[in-house]
Amino acid sequence: MLFSTKNIVQVAAALIFHSLNARAVSVSRRATVCNGYSELCDRSLGNVTFVGTHDSYAVGVDNLATNQDYDITQQLTDGVRMLQSQAHNNSGTIELCHTSCGLEDGGSLQDYLTKVKTWMDSNPDEVVVLLIVNIDDLPATEFAPVFEAANVTSISYQPGISNMTASSWPTLGSLIDNGTRLLTFLDNSADITTVPYLLDEFSNIWETAYDLTDQNAFDCTVNRSNGDTSTQMFLINHFLDQLILGEPVPDSAQANETNAVSGTGSLGAQVATCQSVIGRPPNFMLVDFYEYGNGSVFEVAAAANGVTYTAKAIATPKTSSSSSSSSSNDAQTILDGSFLHVLRIAPLIITGGIVFGASTLL
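The chain has the name PLC-like phosphodiesterase in an unreviewed UniProt entry, where Lentinula edodes is given as its organism.

Glancing now at the packing of helix 3 (residues 109-122) against helix 4 (residues 140-149). Interhelical geometry of helix 3 versus helix 4 gives an angle of 45° and a closest axis separation of 9 Å. Taken as axis vectors, helix 3 and helix 4 run oblique relative to one another. Of the two elements, helix 3 crosses helix 4, and the hand of that crossing is right-handed. Counted together, Leu109, Gln110 and Leu113 of helix 3 and Phe143, Val146, Phe147 and Ala149 of helix 4 form the full contact between these two elements. Split into classes, the residues belonging to the contact of helix 3 with helix 4 amount to six nonpolar, one polar and no charged.

For the rest of this paragraph, the subject is the pairing of strand 1 (residues 50-53). Where burial is concerned, the two faces of strand 1 agree: the one with Phe50 and Gly52 and the one with Val51 and Thr53 are both buried. Alignment of strand 1 against strand 12 (residues 284-287), held across four bridges, turns out to be parallel. Looking at strand 12, one finds that Val51 is bridged to Met285. As paired elements, strand 1 and strand 2 (residues 82-90) share two bridges and run parallel to each other. Bridge assignment links Thr53 to a residue of strand 2, and that residue is Leu83.

Let us look at empty space enclosed by the protein. Applying the stated criterion across every chain, the model contains one cavity of 30 Å³ or more. Considering only enclosed or pocket space, the largest cavity measures out at about 50 Å³ in volume. Along the walls of the largest cavity sit His238, Phe239, Leu240, Asp251, Ala255, Thr258, Asn259, Asp288 and Phe289, which together make up its complete lining. Each residue belonging to the lining of the largest cavity can be placed in one class, and the counts come to four nonpolar, three polar and two charged.

About the criteria used
- Residues numbered from 1 in each chain as written.
- Predicted model: local features only at pLDDT ≥ 70, side-chain atom pairs only at ≥ 80, totals over all residues.
- Heavy atoms only, no water.
- Axes fitted to C-alpha atoms, helices over the stretch in contact; angles between N-to-C directions.
- Helix = DSSP H or I, 4+ residues; strand = E, 2+ residues; numbered from the N terminus.
- Parallel < 35°, antiparallel > 145°, perpendicular 65-115°, else oblique.
- Left-handed = near helix turned anticlockwise from the far one by under 90°.
- Contact = heavy atoms within 4.5 Å.
- Nonpolar A, V, L, I, M, F, W, Y, C, P; charged D, E, K, R; others polar.
- Buried < 20%, exposed > 50% of the residue type's maximum accessible area, 1.4 Å probe, protein only.
- Pairing = 2+ DSSP bridges.
- 1 Å grid on protein atoms, 1.4 Å probe; cavity = no way out; pocket = protein on both sides within 12 Å on 5 of 7 lines; lining within 4 Å.
- Points joined across faces, edges and corners; volume = space filled by probe spheres on them.

Shown next, in the form of C-alpha cells:
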C-alpha cells in the first residue's frame, strides 16, 4: 500500500501530538511534594529518614502494654511514616497483639490495613512503610488474603528481588507516581516468590538493640541483620523501657527526654551517634508516645533529611490533656505523669497468664 506525502505528514503529526500529550500527562502526574517536602521527591527511599511508631497499634493510657496514646490515623496525620506492629494467629485470625493477645489486643490486621488504605487514599503524595513482627512465624501466604481483603495489594511496592542496597531503592517521587506507595516488611517468613509485596526485613534493614532500660545505652551498634550491614538501610529502636516485675515496659515518664532533639538519651543524640559511626543517619526511627516532645521527633527527622523543619500542630500527650482539663476538686487531677504511670502498670498481665489487679499493684 502506497502512502501519499499528505498521509505521511498526517501520521507523523499524529505521532508527535501523541508523544507530546503523553509527556504532558507524565509531567502533570509527577509528584512535586513527597512526604511533606519537595526535596524528598528525588531521594531514594534508602536516603530518607522516617519517623516510626513502635507497636503502633498498642494504643491507650490505662494499660501497661500500650506504647502510643493515639491510633494510627492520627499518627499518620501528624507525620509518622513507618508503622510497626506484632502479628499473632488468634484462633485463625491475624491479630495485632503485644506479646500475647491476652495482654494487649489491637484488633485484626485487616482492620488496621483498611485504616492505612483509607488514610493513604486521602493523602496521595505520601509513602508509608509497614514493619510487621511475625511473632508466630506465619507463612507469607497467610498474610496475602488479609492484604487483598483490605485492598492494599494494588498500592504495594514489589521490588522483584529479595534484597536491595540502600541506594538502589526507588525514589519517593517514583513510588508516588507509580501508585506503589506502601512498602511492607516482615521480620521473618517473607517469600517474594509467593507474595511479592511482603519483603524480608533483615535482608534489607538492620536494627539496633531494643528494650533498653538505660538512657545511656542508645548507640548505633548492629543488633540484628541477615545481610550486608555496610549497604543496607537501618533502623534505630529509640524507646526507653523500665523493668516492672522483671518485664520491660514503656517508660512514659521519660518520653519527653527520650524523644528530644538533644540531651542525654535523646533521639537527636542517637541519630548524631549514627551519623558519626555509620556515616549516614538511620532510615527509620522507632519511638514510643511520638507526640511527647511537641513534635521533636519530626524535627530530628527533618534535620536528618537536610530539610527545613516547619512546626505544626500535632496531638498532645494524653497525660497532659487529662491533668490540665480537670478541676482541683475533681478526682481526675491525680492523673499527673506519675500516677498515670502507675495506672499503666495496674492491669499488668504476665506472659504466663497471672493477672495482677489494680488492688494488688497499688
